[in-house]
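Next come the chains, spelled out residue by residue.
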Amino acid sequence: MTSPPTTDTACAGAAWRAARAVLPSGHLDAAGCNVPADRTLDAVINHLHLERERGGYPAEPDLTGARATLAALTGAAPGDVAFAESGTAAMAALLGGWRLPPGSRVGHLRAEYGSTLMLLRRLAADRSWTLVELPADADGRADLDGLRERLSAGLSLVTVPHIASHHGVVQPAAAIGALCRAAGVPLVLDACQSFGHVDVTGAGATAYVGTSRKWLAGPRGVGFLIVPGLTPAMDAPFPALHGHADGVPLPGAVRYEGAEAAMAARLGLGEAVREHLALGPAAVHAHLADLGRTTRRTLDGAGGWRVREPLDEPSALVTLRPPPGDSAADARARAARAGLLVSVAPAARAPLALTEPVLRVSPPPGTPPETLAALARVLSER
Ligand SMILES: *Cc1c(COP(=O)(O)O)cnc(C)c1O
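Everything numeric here is computed off the predicted structure, so don't read it as measured data.

**Considerations on a negative patch on the surface**
Side chains of D137, D139, D143 and E149 sit close together on the surface and give a patch of like negative charge. Following the sequence through the fold, E149 ends up in helix α6 (residues 144-154). Judged by relative accessible area, which is 52%, E149 ranks as exposed.

**Some points on the side chain of E313**
The residue E313 is located in the loop between β10 (306-307) and β11 (318-321) in this model. We classify E313 as buried; its relative accessible area is 5%. Excluding residues within four positions of it along the chain, E313 makes contact with R141, G168, V169, V170, R293 and R296.

**Let's talk about the packing of helix α10 (residues 328-337) against helix α11 (residues 369-380)**
For the pair α10 and α11, interaxial distance at closest approach is 9 Å and the crossing angle is 130°. The angle between α10 and α11 places the two elements in the oblique class. The way α10 lies across α11 gives a crossing that is right-handed. On α11, the residues that touch A331, R334 and A335 of α10 are L375, V378 and L379. Tallied by class, residues from the contact of α10 with α11 come to five nonpolar, no polar and one charged.

**Things to note about the site of the ligand**
Near the ligand the following residues occur: S86, G87, T88, Y113, I163, S165, D190, C192, Q193, T211, R213 and K214. At 2.5 Å, a side-chain N or O of T88 approaches an oxygen atom of the ligand. Take R213: an N or O atom from its side chain is 2.8 Å from an oxygen atom of the ligand.

Cut-offs and rules
- Residues numbered from 1 in each chain as written.
- Predicted model: local features only at pLDDT ≥ 70, side-chain atom pairs only at ≥ 80, totals over all residues.
- Heavy atoms only, no water.
- Patch = residues over 30% accessible without salt bridge, like charges linked within 9 Å, V, L, I, M, F, W, Y side chains within 5 Å.
- Areas by Shrake-Rupley, 256 points an atom, 1.4 Å probe, with all protein chains shown as cover.
- Salt bridge = Lys/Arg side-chain N within 4 Å of Asp/Glu carboxyl O.
- Lys, Arg positive; Asp, Glu negative; His and termini not counted.
- Charge placed at Lys NZ, Arg CZ, Asp CG, Glu CD.
- Helix = DSSP H or I, 4+ residues; strand = E, 2+ residues; numbered from the N terminus.
- Buried < 20%, exposed > 50% of the residue type's maximum accessible area, 1.4 Å probe, protein only.
- Contact = heavy atoms within 4.5 Å.
- Axes fitted to C-alpha atoms, helices over the stretch in contact; angles between N-to-C directions.
- Parallel < 35°, antiparallel > 145°, perpendicular 65-115°, else oblique.
- Left-handed = near helix turned anticlockwise from the far one by under 90°.
- Nonpolar A, V, L, I, M, F, W, Y, C, P; charged D, E, K, R; others polar.
- Near = heavy atom within 4 Å.
- Polar contact = N/O pair within 3.5 Å; in protein donor to acceptor, adjacent residues only side chain to side chain.

This is the structure in structure tokens:
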């Protein structure tokens, strides 16, 4: 406890980079698809070899370790974890199978993720639920007093994107979780952008939705649920042999899984999370918060581009609004020519919050200041 926090956080970034033999120097899209560590790749590739040598079924891996590492992200139990092929698929399994009675009121934020909003609208139309937009401030951050009022007026379920795709605001998940628990209302925390990025423990959610390839830096093609608050009203939308017997769900979150899956990718995710836990989540989170602040201070005002979230927001997901005459798509193309990978968040990512595409910059741990300075030059030169 003697070294100053800045040293620890810089160390976490250096250690993260040291775990990768190849890390494209201009990669600034951790929120889109991050760079896996060597051991993560090895876990995937080794299992593919094993499947070929032994046969896919005889090589069936024991995923208990992977489930335990994922569960540790929220303090849940291994049996609370279900794998899916993406965050979207995990959310669809969770909400699609939730037997809320007709007339149920489901609360969501303006910042809600595009595919979750489409899903909620479809389910609301089919099952006679009502969607209730929860109050938020000008930054899109949940208004806790407003939430308390809506909860006491009656909600059946609340969904919250801990960090959304289109801005770097970190929702006050612990306070939201406490209010929901006090009101006896289940909370679904979409942590696709927050696992591996900010602290997710302490939210006390009923269910968490995650994805592998973003801040956890696992392989593509894997998502997951962590469901510590499973109730009999919660089942998969359709029974499957792996998770059900005679149509009745098996105990635990396995009810959300099918039998057939990319086992190598699931093992790879387990390895990625193991690495994250070994690096020290607190140090990684603090490092990413520092990196986000540095990124915003470096880019805000460059060529007239403006950072959209508060400059000191403790996340490394940074979004920018173009000046007149420039656009996110054009800036991304210029960045690509300069060897920098950034992304564009189209309005469909958050239909209630965005009217125009925004530029999204999300540096992986250990990104050097020179890379951010190079992007600032790209934004200024057009
Ligand atoms: C990426 C993302 C998802 C969906 O995850 P996929 O694995 O892409 O399906 C959900 N919510 C948020 C906030 C995301 O950023």
